[in-house]
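# Survey of secondary and tertiary structure
The lines below spell out each chain.
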Amino acid sequence: MKIRRLLSSITLALGLVGFTTGLSAHGSGSSDSSDGMIVTRHFTGIWNQVDQEAQGLAIQVIEQNDDSRKSVAYWYTYGADRKPAWFMAIGNLIDNQIDFELYESTDVGFMQDALPGNDSVRSIGTMIIVFDSCDSGAVTYETDHEEVGSGTFNIERLLEVMNTHCTGGISDDMHADGMFGNQRVELTPAREGITGNGHARYEDYPAHMEFALEVEGLPDGGYHLFVGMQDRGSFEVREGHGEMKFSSPAEDGHMLLNFDPRGNQIEVHDGQGAALSSFGNMLEQDDHNHHGDGDGDGHQGDSDHNYDCEFGSGSGGGMGGGMGGGMGSGMNDCVDDGDFIEIEVDLVNTNLLPEAKGEAEWEMNSSRVEFSVEIEDVPVGSYTLKVGGEIVGVIEAFEMHDGDVFGHIRFRDPESYGRELLDFEPRGKMIEVLRGDDIILEVTFPTE
């Protein structure tokens with residue numbers, strides 16, 4: 001019975017999913033409860049009506065050109081004539097629910113030609129889905145449709161998008177081309193008589209986000225964290241110290257990060273109001289170069305940083321020095337528009353830390369150059385990076401949620417969020433990673 005229901009639902013639903021494939025997806029994950037969970041792109045999939053025969057919803061979570069999020073759903077069911085019928089819904093995402101307006105289409109024949117002004121779609125009511133986990137929820141609908149009427153039904157996830165994992169946190173909606181890194185803003189007294197201080201820290205790397213607050217010097221007692229004027233929870237200050245930690249996916253000892261702290265004022269409130277504030281200092285938002293190139297020249301990034309051979313290679317000299325035209329010496333310093341060059345090499349262990357590993361990578365396309373160094377299986381701490389004998393940065397190695405230790409540093413010309421300015425030439429130079437004064441990893445970076 002279960003297999004037959006599965007096959008019937010898939011057969012009917014898959015014919016409807018294709019209607020929204022041209023829309024840009026934007027996503028979510030899988031958690032065990034609705035506590036703090038938000039609807040994200042990983043709720044996209046086929047949802048079966050648990051108590052009805054071969055009926056359900058094809059749901060897609062999408063991102064529009066203005067970065068706002070919506071959901072589109074197709075309700076596949078049957079009419080009084082026992083023939084397949086479907087209704088379309090478009091709605092807003094609010095925490096762990098989607099509020100839809102429900103539509104029906106009538107008087108359209110099989111393979112009927114599209115005619116200007118022939119609008120056969122009308123609103124018939126509303127539908128609200130409240131999810132209690134990444135895999136189940138309850139639907140309530142109210143319509144003026146004679147056959148549909150009003151009612152409720154339960155749904156369970158039947159199919160999901162391949163290679164997605166729902167956590168119900170904000171990391172489920174990370175862009176694949178996101179610029180990863182870490183940031184910190186200071187919190188200072190917001191009114192007379194406050195002597196404490198604090199800071200907020202944000203960090204992200206692929207499929208993971210963390211946000212933490214730490215305060216010092218405040219009187220012991222209860223406080224609330226406000227982000228963008230919204231209360232995000234309470235914490236205790238004991239012996240002058242207090243903290244809150246959020247992560248997505250959720251970790252032991254951390255609250256689920258179900259909001260984006262970037263671009264918002266951060267405040268700590270006591271019983272009298274704001275005690276500490278970031279004021280105008282905010283964690284930077286990352287636009288992921290998601291909607292166009294920003295300057296209309298067809299190349300993402302700063303127009304002064306042009307590595308397209310047709311237009312010249314970095315003739316502007318680069319931002320703050322940049323790579324500019326300093327990559328001569330017979331090396332390729334430009335690529336044709338649409339092409340891509342990559343050089344990657346493993347770092348050599350000097351046996352001071354036998355388990356240590358790392359790699360260095362250089363990439364170029366017609367609009368930017370990037371250089372990165374990653375290390376792993378090293379003790380947590382700070383590591384100096386030298387290129388050609390000169391210190392160019394510090395790699396912070398930290399323990400990830402799975403217990404592995406990882407660290408990286410990334411450079412880019414033109415400079416962007418999550419990357420430091422690439423104002424040196426790594427090709428043909430000795431790359432060294434040091435712990436204190438000792439070299440633990442090294443390699444002569446190739447020129448091609």
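Reading guide: rules and limits
- Residues numbered from 1 in each chain as written.
- Predicted model: local features only at pLDDT ≥ 70, side-chain atom pairs only at ≥ 80, totals over all residues.
- Heavy atoms only, no water.
- Helix = DSSP H or I, 4+ residues; strand = E, 2+ residues; numbered from the N terminus.
- Buried < 20%, exposed > 50% of the residue type's maximum accessible area, 1.4 Å probe, protein only.
- Contact = heavy atoms within 4.5 Å.
- Areas by Shrake-Rupley, 256 points an atom, 1.4 Å probe, with all protein chains shown as cover.
- Core = buried A, V, L, I, M, F, W, Y, C linked by side-chain atoms within 4.5 Å.
- Pairing = 2+ DSSP bridges.
- Axes fitted to C-alpha atoms, helices over the stretch in contact; angles between N-to-C directions.
- Disulfide = S-S within 2.5 Å.
- Phe/Tyr/Trp six-rings, centres within 6.5 Å; stacked < 30°, edge-to-face > 60°.
- Salt bridge = Lys/Arg side-chain N within 4 Å of Asp/Glu carboxyl O.

### Description of the overall build of the chain
In terms of regular secondary structure, the chain is built from one helix and 27 strands. In the chain, which comprises 448 residues, the proportion classed as buried is 46%. Taking as baseline every contact in the chain between residues at least 6 positions apart, the subset at least 24 positions apart corresponds to 55%. Just so you have it, the chain exposes about 22,400 Å², and 47% of that area is on carbon and sulfur atoms.

### Examining the nonpolar core
Counting 32 residues, the largest nonpolar core has F371, V373, Y383, L385, I431 and V433 as the members making the most contacts within it. Counting only elements with at least two residues in this core, the list comes to strand 18 (341–346), strand 20 (357–364), strand 21 (369–376), strand 22 (381–387), strand 23 (390–399), strand 24 (405–413), strand 26 (430–435) and strand 27 (438–444). Tallying contributions element by element places strand 21 first for this core, with four residues. Beyond its immediate stretch of four places on either side in the chain, Y383 contacts L353, I375, V378, G393, V394, I395, A397, V433, L434, R435 and I440.

### Notes on unusual backbone geometry
Following S248, the chain continues into P249 via a peptide bond in cis, with omega recorded as 0°. Phi at N351 takes a positive value of approximately 75°, unusual for a residue other than glycine. As for its placement among the helices and strands, N351 is situated in the loop between strand 19 (348–349) and strand 20.

### A word on the sheet that holds strand 8 (residues 150–160)
Strand pairing in a sheet relies on backbone hydrogen bonds. The paired strands run either parallel or antiparallel. Pairing is antiparallel around the closed barrel formed by eight strands, whose spatial order is 1-2-3-4-5-6-7-8. If you compare each strand with its neighbour and ignore which way they point, the axes differ by 30° on average. Across seven bridges, strand 7 (residues 136–143) lies against strand 8 in antiparallel orientation. Following the sheet pairing, S136 is matched in strand 8 by E156.

### Some points on the environment of S171
Turning to its location among the elements, S171 is positioned in the loop between strand 8 and strand 9 (181–189). Measuring from C-alpha to C-alpha, the distance between S171 and E210 comes to 9.1 Å, with 39 residues separating the pair along the chain. In contact with S171, other than residues within four places in its own chain, are A207, H208, M209, S248 and P249.

### Describing the state of the cysteines
Put plainly, two cysteines are in a disulfide when a covalent bond ties their sulfur atoms together. Summed over the entire model, instances satisfying the criterion amount to one disulfide. Here C134 connects covalently by a disulfide to C166, the sulfurs 1.9 Å from one another. Since a negative S-S torsion denotes a left-handed disulfide, the C134-C166 link at about -65° is left-handed. Separated by 32 residues along the polypeptide, C134 in the loop between strand 6 (121–133) and strand 7 and C166 in the loop between strand 8 and strand 9 bring together distant segments of the chain. Neither residue differs from the other here; C134 and C166 are each classed as buried.

### What about the packing of aromatic side chains?
Enumeration over the complete set of coordinates arrives at 17 aromatic pairs. Between F43 and W47, the aromatic rings sit 6.2 Å apart at their centres with planes inclined by 5°, giving stacked as the arrangement. There is no split in this pair, since F43 and W47 are both buried. A network of ring pairs unites the aromatic residues W75, F87, Y141 and F153 as a single cluster.

### Considering the pattern of salt bridges
Applying the stated criterion to the full structure yields 15 salt bridges. When the shortest N-O distance is used, the salt bridge between R262 and D204 registers 3.9 Å. Separated by 58 residues along the polypeptide, R262 in the loop between strand 15 (255–256) and strand 16 (266–270) and D204 in strand 10 (residues 197–205) bring together distant segments of the chain. Each member of the pair, R262 as well as D204, carries the same accessibility label: buried. A salt bridge links R427 to E425; the shortest N-O distance between them is 3.1 Å. According to the relative accessible area criterion, R427 is buried, its value standing at 4%. Assessed through its relative accessible area of 12%, E425 is described here as buried.

### Section: the pairing of strand 2 (residues 56–63)
In terms of residue burial, strand 2 counts as a mostly covered element, since eight of its eight residues are buried. With burial as the criterion, each face of strand 2 is covered, one bearing G56, A58, Q60 and I62 and the other bearing L57, I59, V61 and E63. In terms of strand pairing, strand 1 (residues 45–49) meets strand 2 through four bridges, oriented antiparallel. Bridge pairing links G45 to I59 in strand 2. In this antiparallel pair of consecutive strands, strand 1 and strand 2, the connection spans six residues, and A54 shows a positive phi of 50°. Hairpin connection between strand 2 and strand 3 (residues 69–78): a loop of five residues separates the two successive antiparallel strands, and D67 in this loop has a positive phi of roughly 75°.

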